[in-house]
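Notes for the structure review
Chain residues, written in single-letter form:
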Amino acid sequence: MSLKRKIALNLSIAFSLLFGIVMAVIYMSFNDFRKDEFKERFRQRLEFTSHFIAKSKDFEEEAPVFFNENSDNILLNETILIFNANKELIYSTIKDRNVTWDNALLKELDEKKVIYSEKTVPEIYAALKKINGENYYILTSAYDTNGNSKLAYLKYLLITAYVMSTLLIGFFSYYFMGQFLKPLEDLNQEISEVTAHKLTTEVPVGESNDEISVLARSFNTMIKRLDDVFQSQKDFTASASHEIRTPITRMAFQLENLIKLGQHSLETLTSLQQIQRDVYQLSDLTNSLLLLTKFDKENIQSIYEEVRIDEVIFESFEAVEKSYPKLKMDFLISEKTSENALLTINGVQSLLDIVFINLFKNAAVYSDDTEVDVLITETENELIVDVISHGNTIPKEEQPKLFEAFMRGNNSQNISGSGLGLRIVKRILEYHGADITYTSPGDLLNKFSVIFNK
């Protein structure tokens, strides 16, 4: 999840929780207000009834007329029961049905004088009043339908407002976070375009002193330092490789002339030939390093050209054959390859030559019968070159490190080498978007598969 989405999500959750708490507080506060208001109406109704009893000369006869005339003040589904001091019912607003009441409630009034119960349905407000020297038990019950209706409507409004607010908060949080983080995204875009060959390109720095501008300045400072280090390393590698080539070429030329004299003993001639092979290997290694300093993954594609892989293979084999004349090659094209296959890839031929020269040299050095088999298979998506030789195989525990620098297996004991050949091969193929794998399909069989993606 991107930083923009994380911030927008966290803000939305935080505001939603806060807004939800506020909504809940509003709802509970209104419910408490409704209860208090209804209780006050109960109390006023009971006081109104008590006042009527105090002024009435004949309560039982005047009560129906009185309550009928004051019906505007009656609560919804209101029921009034009035008992005398002997707890006998002397008046009820219930008509045409049997009247029942809770005697325990009347006894409780003797102690508490006033009882209000909001948990019952309907709600009850009862009081023991002493009027004109006599005790009266007045029980009033009613439904707060109006208040509950308002509470239900408020609940609906709050839920709707919460859902809409949550959606709007999420949308605006994402939008404004996008606006706030746009300079950071622009900075990221500028940074992603910086490569090893564009280290001198500085990212734009805003005039403000916010965190993004500070980050951009720090990045430009880091780029300058990296460019200095990288350039120093590159110049050293190029200079060293270039300076080393001259004496190596002289040594190779002098060794070649010395061998041609033919006035050496067998032991001396063998030593000279071994030295010559070492010099050729050092020369190839120097050339490889010099070529690799010129390219990287970003700029190598600009010099791609169409290369026939079969021509690269034959030219590489001819170069190796000069140092290892006993090496033979069996070149085959797989039956899976269609007749219309072009055997071409996009790449740099000089670098691809290094790949197969190294593979053929490995076959010549580690092969038992000095023969290498090359099998090409071209499909719609891939072009695969298998280089197969006979000799001691690489143990499975060493295979994962085969393409690391200075890695030499147990099968290379007492054989000269730098341990950089396969590492250079791997790096060149990475530059071409290709891959190389090692397998041992049988006893004393080594197979390197070079896989080019079309």
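What you are looking at is a predicted structure, and each value in this text was computed from that prediction instead of being measured.

In this structure the tally under the stated criterion is nine salt bridges. Salt-bridge contacts for Glu40 lead to Arg43; the nearest nitrogen and oxygen are separated by 2.6 Å. Here Glu40 and its partner Arg43 are both found in helix α1 (residues 3-55), three residues apart, which amounts to about one turn of the helix. According to the relative accessible area criterion, Glu40 is partly exposed, its value standing at 31%. In this structure, Arg308 engages Asp310 in a salt bridge whose closest nitrogen and oxygen atoms are separated by 2.8 Å. Here the salt bridges do not stand alone but share partners, grouping Arg34, Glu123 and Asp144 into one network.

To continue, consider the environment of Ile169. Inspection of the secondary structure assignment puts Ile169 in helix α4 (residues 145-192). For Ile169 and Ser16, which are 153 residues apart along the polypeptide, the C-alpha to C-alpha distance reads 7.9 Å. Non-local contacts of Ile169, meaning those with residues more than four positions away in its chain, are made with Leu11, Ser12 and Phe15.

The terminal C-alpha atoms of helix α8 (residues 349-366), which comprises 18 residues, lie 26 Å apart, in line with the 26 Å expected from a rise of 1.5 Å per residue. The buried fraction of α8 is high, at 13 of 18 residues.

In this section: the nonpolar core. One finds Ile309, Ile313, Phe356, Leu359, Phe360, Val385 and Phe452 to be the most contacted residues of the largest nonpolar core, which totals 42 residues. Looking at this core, the elements that each hand over two or more residues are α7 (309-323), α8, β9 (371-378), β10 (382-390), α9 (421-431), β11 (435-439) and β12 (445-453). Broken down by element, this core gets its largest block of residues, 10 residues, from α8. Not counting residues up to four positions away in its chain, the partners in contact with Phe360 are Ile313, Ser316, Phe317, Val320, Leu327, Met329, Val372, Val374 and Val387. One finds Leu46, Phe52, Ala127 and Ala142 within the second-largest nonpolar core, a separate group that totals 15 residues.

Structurally, the position occupied by Thr140 is in strand β5 (residues 134-142). Residue Thr140 is classed as buried on the basis of its relative accessible area of 1%. Setting aside chain neighbours within four positions, we find Thr140 in contact with Phe42, Leu46, Glu78, Thr79, Ile80, Glu123, Ile124 and Tyr125.

Rules and cut-offs
- Throughout this description, residue numbers start from 1 for each chain and increase along the sequence as written.
- For this predicted model, a pLDDT threshold of at least 70 governs which residues receive local features, and a threshold of 80 or more governs which side-chain atom pairs are given and counted, while totals over whole chains, interfaces and linings are taken from all residues.
- To obtain the side-chain values, all non-hydrogen atoms of the structure were used and water was disregarded.
- One speaks of a salt bridge when a side-chain nitrogen belonging to Lys or Arg is within 4 Å of a carboxyl oxygen belonging to Asp or Glu.
- Counting from the N terminus, the helices are the DSSP runs of H or I reaching at least four residues and the strands are the DSSP runs of E reaching at least two.
- Exposure classes here rest on a 1.4 Å probe applied to the protein chains alone. A residue is buried below 20% of its type maximum, exposed above 50%, and partly exposed in between.
- We call two residues contacting when some pair of their heavy atoms lies within 4.5 Å.
- A helix's residues, less one, multiplied by 1.5 Å, set its expected span.
- What makes a nonpolar core is a set of buried Ala, Val, Leu, Ile, Met, Phe, Trp, Tyr and Cys residues whose side-chain atoms join them at distances within 4.5 Å.

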